[in-house]
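Observations on chain architecture
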Amino acid sequence: MAEGVEIFENTFRHQIQSDGEITIQENFFRDKFGDKEGEWPVEPDRYRLLWMPACPHAHKVVIARRLLGLDRVISLGTTGIYRDPKGWVFTEDPGEKDPVLGIHYLKELYDRDAPGGDYKERPTVPILADTFTGRGVNNDHFWIPVYFETAWKPYHKKSAPELYPADLREEIDQWNHFIFHRINNGVYDIGFARSQAAYETAYHLFFEAMDILDKRLESRRFLLGDYITDSDIRLYPTLARFDVVYHQVFKANKKRLTDYKNLWSYARDLYHVPEIKESTYFDIYKRHYQLSPHLKPLWGNVHSIVAKGPDVSGWELQADREFLSRNPKEKFLLQEEQHV
Ligand SMILES: N[C@@H](CCC(=O)N[C@@H](CS)C(=O)NCC(=O)O)C(=O)O
């Protein structure tokens, strides 16, 4: 077996299925925020969010934190973009340690709560950590944005956007499941498939979902209508990575994002929100997906070459989707209550 393939197989050994599919790993830290027994108190300057900028699941959490103004009360730590056999490493920090938690490997956070002090699965980002005790709090990327939008409301900035309006929650939750399974994770099902059949099934499901979304966005500025909601910030990370990496590296090549009339202008409409743009790193996506030792074999990148293209300057073009909205000047429904 080629070296890179062995690293891939070893990395995902707990998740590989006999039919060539790779399943989702269960989240290890799942305690909620709140004031009930067993819940983590909502407190400013206590928690630290850890991410790796190429990770789409972490990206949506970082966007939610920033849009809501929670960056003032929850700090951010960033791992390097290449995992080693023990997982993510804080290579970008002085002494290669997270300056607040003092850990070199993300795994150290997971080990503290793992049986025998050794976490055997893949330590994942995003994860919230408690800086008081140095323990992991929650790595359930699906629900962290919702905790930020609800339990953390007292610490939202003034006139923060309403990303999870009460009357739309049920619909948003449904879209979020669709987006996670068919898009965010769906594209990984294509890229990580280990049999032709698993690849083709995943390919079909993914592009069918893209068509559904493209059609929906023909008559709506954003997924739920006139304003950006939680569902949009979940769809965006996959779209931002699509043409630069997934199309080639994951062989998700039926169409490019730029081939979709509505999805492409919609993605730009989101990208032009400063808080979203500032966390979008096309160059990092290329280096992470094209050079990571466990991902290189997916694309047969034996000589470790980073593709020069595609040209991403098109992201700067105007989205021209205001005409779809009853409130063309405003992309967000702003919260009426004033918070601290
Ligand atoms: N834990 C989540 C998603 C989070 C996740 O998979 N994050 C990736 C990065 S995008 C990660 O941290 N992987 C750890 C690794 O590959 O060692 C799941 O499996 O649904």
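Just so it is clear, the structure is predicted and the values come from calculations on it, not from any experiment.

Some words on the overall build of the protein
Regarding its fold elements, the protein presents twelve helices and four strands. What you see for the protein is a C-alpha radius of gyration of 20 Å, in line with the 20 Å of a compact globule of 340 residues. Within the protein, the proportion of its 340 residues that are buried is 55%. Across the protein, contacts joining residues at least 24 apart in sequence account for 71% of those joining residues at least 6 apart. In the form shown here, the protein has an accessible surface area of approximately 15300 Å², with 50% of it arising from carbon and sulfur atoms. Both charge centroids of the protein, one from 45 positive and one from 53 negative side chains, sit 3 Å from each other.

So, the pattern of salt bridges
Taken as a whole, this structure holds 22 salt bridges when the rule is applied. Its salt-bridge partner being glutamate 278, residue arginine 66 comes within 2.4 Å of it at the nearest N-O pair. Here arginine 66, found in helix α2 (residues 56–67), pairs with glutamate 278, found in the loop between α10 (274–277) and α11 (282–291); they are 212 residues apart in sequence, far enough to count as distant. Across the salt bridge formed by lysine 215 and glutamate 218, the nearest N and O atoms sit 3.6 Å from each other. Judged by relative accessible area, lysine 215 falls into the exposed class, the value being 55%. The class for glutamate 218 is partly exposed, based on a relative accessible area of 44%.

Overview of the sheet that holds strand β2 (residues 75–78)
With respect to topology, four strands assemble into an open sheet ordered β2-β1-β3-β4, the strand pairing being mixed. With one partner strand each, in any of the chains shown, β2 and β4 (135–138) form the two edges of the open sheet. Looking at each pair of strands side by side, their axes are set apart by 35 degrees on average, direction ignored. With three bridges connecting them, strand β3 (residues 127–130) and β4 associate as antiparallel partners. Of the residues in β4, the one forming a bridge with leucine 128 is asparagine 138. Where α2 meets the sheet, its contacts fall on β1 (47–51) and β2, and the angle it forms with β1 comes to roughly 140 degrees.

Remarks on the environment of histidine 181
Relative to the elements of secondary structure, histidine 181 occurs in helix α5 (residues 169–184). For histidine 181, a relative accessible area of 42% puts it in the partly exposed group. If we ignore the near neighbours within four places in the chain, the residues touching histidine 181 are Ile24, Gly186 and Asp189.

Here we look at α11
Among the ten residues that make up α11, eight are buried, leaving the element largely enclosed by the rest of the structure. Three or more residues of α11 are buried, namely Phe282, Ile284, Tyr285, Lys286, His288, Tyr289, Gln290 and Leu291. Looking at the buried positions of α11, the neighbouring elements they touch are α2, α6 (186–191), α8 (230–249), α9 (261–271) and α12 (296–299).

Quick notes on the UniProt feature "site: Lowers pKa of active site Cys" (unreviewed entry) in the protein
The UniProt record annotates "site: Lowers pKa of active site Cys" (unreviewed entry) at Tyr246 and Tyr289. The named residues occupy 44 residues along the chain; their greatest pairwise C-alpha distance, 8.4 Å, places them in one compact cluster. On the secondary structure map, tyrosine 246 appears in helix α8. In this structure, tyrosine 246 is in contact with Pro56, Val187, Tyr188, Thr238, Arg241, Lys251, Ala252 and Tyr289, ignoring residues within four places of it in sequence. Relative to the helices and strands, tyrosine 289 is located in helix α11. The exposure class assigned to tyrosine 289 is buried, which follows from its relative accessible area of 1%. Those residues in contact with tyrosine 289, other than ones at most four positions away along the chain, are Ala54, Pro56, Tyr188, Arg241, Val245, Tyr246, Val249, Phe250 and Leu295. A distance of 2.6 Å separates polar atoms of two side chains, one belonging to tyrosine 289 and the other to tyrosine 188.

Procedures and definitions
- Residues numbered from 1 in each chain as written.
- Predicted model: local features only at pLDDT ≥ 70, side-chain atom pairs only at ≥ 80, totals over all residues.
- Heavy atoms only, no water.
- Helix = DSSP H or I, 4+ residues; strand = E, 2+ residues; numbered from the N terminus.
- Rg over C-alpha atoms; globule rule 2.2 N^0.38 Å.
- Buried < 20%, exposed > 50% of the residue type's maximum accessible area, 1.4 Å probe, protein only.
- Contact = heavy atoms within 4.5 Å.
- Areas by Shrake-Rupley, 256 points an atom, 1.4 Å probe, with all protein chains shown as cover.
- Lys, Arg positive; Asp, Glu negative; His and termini not counted.
- Charge placed at Lys NZ, Arg CZ, Asp CG, Glu CD.
- Salt bridge = Lys/Arg side-chain N within 4 Å of Asp/Glu carboxyl O.
- Pairing = 2+ DSSP bridges.
- Axes fitted to C-alpha atoms, helices over the stretch in contact; angles between N-to-C directions.
- UniProt positions renumbered as here; feature names shortened; annotations may be inferred.
- Polar contact = N/O pair within 3.5 Å; in protein donor to acceptor, adjacent residues only side chain to side chain.

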